[in-house]
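Chain and residue survey
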Amino acid sequence: MPETESGGRQAEEFNAAERSLGELVSEASGNISRLVRLELELAKLELARDARQVAKGSAMLIAAAVLGHMVLILGSVTIGLALWSLGLAVWLSFLIVTVFYLLMAGLLAFIGTRSFKRLQGLPMTSSTMSTTAAVLRREHPAEI
């Protein structure tokens, strides 16, 4: 068969009356196999492209997190020095900043713990999976 520019094959003209049923089935299964292989190759190429984009995006987010952390540290030092310039002792100024961050961490931990306790699992998926399994076992879903 002649190949097209994209690597696929051009359609052949044939007379079905000249071929046996076995030949036609064999050709059809070969075409299905080739189609599946090409679909898998396409999926691999798309996955590789997406993986590269995820890697680039992750690197940018990591760099932003490092810079954000540096800003947080420098901002904390600035606030501590500002409190010191208002007349507080140096140790007290930085203790106030530290206690503020400790309270914020505690609040965020509390909110995070509460949100984990609210998780329900996968109720819809469990229901549909058990129904599908029942149908495959030739049971009626109402019996479950």
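Residues numbered from 1 in each chain as written. Predicted model: local features only at pLDDT ≥ 70, side-chain atom pairs only at ≥ 80, totals over all residues. Heavy atoms only, no water.

With that settled, the discussion passes to the side chain of Ser93. Take Ser93: it is sitting in helix α2 (residues 90-117). For Ser93, a relative accessible area of 0% translates into the label buried. Apart from residues no more than four positions distant in its own chain, Ser93 is found in contact with Gly80, Leu83, Trp84 and Leu88. (Helix = DSSP H or I, 4+ residues; strand = E, 2+ residues; numbered from the N terminus. Buried < 20%, exposed > 50% of the residue type's maximum accessible area, 1.4 Å probe, protein only. Contact = heavy atoms within 4.5 Å.)

What follows deals with helix α3 (residues 123-136). Its 14 residues give α3 an end-to-end C-alpha distance of 20 Å, which sits within 8% of 20 Å, the value for a rise of 1.5 Å per residue. Arg138 sits one or two positions beyond α3 and adopts a positive phi of about 65 degrees. (Expected span 1.5 Å × (residues − 1).)

A word on helix α1 (residues 21-85). The terminal C-alpha atoms of α1, which comprises 65 residues, lie 94 Å apart, in line with the 96 Å expected from a rise of 1.5 Å per residue. Residues Ser76, Gly80 and Leu83 constitute the buried set of α1. The inward-facing, buried residues of α1 contact α2. Phi for Gly87, located one or two positions after α1, is positive at around 115 degrees.

Before going further, it helps to spend a moment on the packing of α1 against α2. The contact between α1 and α2 brings their axes to 8 Å, and the two run at 135 degrees. Taken as axis vectors, α1 and α2 run oblique relative to one another. In terms of crossing hand, the pair formed by α1 and α2 is right-handed. When α1 is examined against α2, the residues Leu72, Ser76, Val77, Ile79, Gly80, Leu81, Leu83 and Trp84 are found in contact with a partner set consisting of Val90, Ser93, Phe94, Ile96, Val97 and Tyr101. Across the contact of α1 with α2, the residue classes tally to eleven nonpolar, three polar and no charged. (Axes fitted to C-alpha atoms, helices over the stretch in contact; angles between N-to-C directions. Parallel < 35°, antiparallel > 145°, perpendicular 65-115°, else oblique. Left-handed = near helix turned anticlockwise from the far one by under 90°. Nonpolar A, V, L, I, M, F, W, Y, C, P; charged D, E, K, R; others polar.)

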